[in-house]
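Architecture and fold: a report
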Amino acid sequence: MILALRALGVGDLATAVPALRGLRAAHPDRELVLAAPGWLAPLADLVGGVDRLLPLDGLTAPGQSVAAVVAVNLHGRGPQSHRLLAAGRPQRLLAFRCPEAGHHDGPLWRDAEHEVRRWCRLLHWYGIPADPDDLALLRPAVPGIPTGVTVVHPGSKIPAKRWPAARFAALARVLSRRGHRVVVTGSAAERELAGRVAYQAGLPDTAVLAGRTDLAGLAALVAHGRLVVSGDTGVAHLATGYGTPSVVLFGPVSPHRWGPPVDRPWHRALRGAPGADASAGDLDARLAGLDVAQVLAAVDEVDQAVRGPGAVAAK
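Quick look at the structure, then. (Residues numbered from 1 in each chain as written. Predicted model: local features only at pLDDT ≥ 70, side-chain atom pairs only at ≥ 80, totals over all residues. Heavy atoms only, no water.)

1. Topic: the pattern of salt bridges
Defined as follows: Should a side-chain nitrogen of Lys or Arg be within 4 Å of a carboxyl oxygen of Asp or Glu, the pair is scored as a salt bridge. Put simply, DSSP H or I for four residues or longer makes a helix, DSSP E for two residues or longer makes a strand, and each gets a number counted from the N terminus. Only protein chains enter the accessibility calculation, which uses a 1.4 Å probe; a residue whose area is less than 20% of its type maximum is buried, one above 50% is exposed, and one in between is partly exposed.
Going through the model one piece at a time under the given rule, you end up with 13 salt bridges. Among the salt bridges present, the one from Glu192 reaches Arg196, with a minimum N-O distance of 3.2 Å. Taken together, the residues span about one helical turn, with Glu192 and Arg196 both in helix H7 (residues 191-201) at a distance of four residues. Owing to a relative accessible area of 54%, Glu192 belongs among the exposed residues under this scheme. Linking Arg268 and Glu301 is a salt bridge whose minimum nitrogen-to-oxygen distance equals 2.4 Å. Remark: Glu301 occurs in helix H12 (residues 292-307) and Arg268 occurs in strand E10 (residues 267-271); sequence separation between them is 33 residues.

2. A look at the nonpolar core
Soluble, globular proteins show a tendency: their nonpolar side chains are buried together. The following threshold applies: Throughout, nonpolar core names a set of buried Ala, Val, Leu, Ile, Met, Phe, Trp, Tyr and Cys residues whose side chains join them through atoms within 4.5 Å. Between two residues, a contact is recorded if the distance between any of their heavy atoms is within 4.5 Å.
Residues Leu23, Leu34, Leu43, Val72 and Leu74 are the most contacted members of the largest nonpolar core, which totals 49 residues. Broken down by element, this core gets its largest block of residues, seven residues, from helix H8 (residues 215-223). When neighbours within four sequence positions are excluded, Leu34 is seen to be in contact with Ala4, Arg6, Leu13, Leu20, Ala44, Val50, Arg52, Leu53 and Leu54. In this structure, Ala194, Val197, Leu227 and Val229 belong to the second largest nonpolar core, which totals 35 residues.

3. So, H12
Rules: Helix span is expected to be 1.5 Å times the residue number reduced by one. Pairs of N or O atoms are called polar contacts if they sit within 3.5 Å, as long as, within protein, a hydrogen donor faces a hydrogen acceptor (for residues adjacent in sequence, only side-chain-to-side-chain pairs).
The first and last C-alpha atoms of H12 sit 23 Å apart over 16 residues, in line with the 22 Å expected at 1.5 Å per residue. Residues of H12 that are buried include every one of Val292, Val295, Leu296, Ala298, Val299, Val302 and Ala305, and no others. Where H12 is buried, its residues touch helix H6 (165-177), strand E8 (227-231), strand E9 (246-250) and E10. Sitting at the head of H12, Asp291 places a side-chain oxygen 3.2 Å from the backbone nitrogen of Ala293.

4. As for the environment of Pro132
Within the secondary structure, Pro132 is located in the loop between helix H5 (115-125) and strand E6 (150-153). Between the C-alpha atom of Pro132 and that of Val17, which follows or precedes it by 115 residues, the distance is 8.6 Å. Once residues within four sequence positions are removed from consideration, Pro132 is found in contact with Pro18, Val116, Arg117 and Cys120.

In structure tokens form, the structure reads like this:
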């Protein structure tokens, strides 16, 4: 059995897809098990090649015994994640070098590295090819999900990554007037935020899908969508995985580390000037520096990229 640890969220799993595909290709006859939060099971099914998910609550030990031939740390630099995998006594541990955890093998960690390329480089060091461009996700079959909609996703677990709701509303209002069928997504906890954005944008209550779709439903919505506009959060990585045109707003974390591939013009990563004034509480200054006009201009750019000659999104 090959055990891969990635006990994080939606975007984290999406950025590990090329590495997981590399492991699948390198070990076609062995079971590939993903150790991750149980609620990510629908997304794990969309990676392709993952045989089963081992539910893991953070970095606590799983509730069942795991006997892996090869354990792969796609979670972090250690030491805790290294120790968790080493406790299962795998025959081989593939991980970044971490003397603190007693792991002297593996490449050195690079803080500024893009998250997708980080895990591909780890596998390359151990002689396992992994293509960082292999990001495509399988499309879920979810009946009743609207198609061709523009997804506006205003939420984030991190306050510094939340572009102001009033700006999302102003953006949604303009997009709606331009003929976009706008829906506002989010978690159940973000339903009030989504409702406020929809109300200020003049959208009907039916446009508020926050808390009304499960993970598979959200993936289907993005997979068959027209456009995604969001902060630096999981739904942006779903847009990359499905080739759905997107505009992603970055603040505290650089798009050079978590952004969509730069050679795909139907995705645009925006980040304001470093000296921008953060006048909205915990909002990052660079995110505060982005105005609605800039985001609309980026929407026009990705729309032109999709419609232009020779530039067709990987739908």
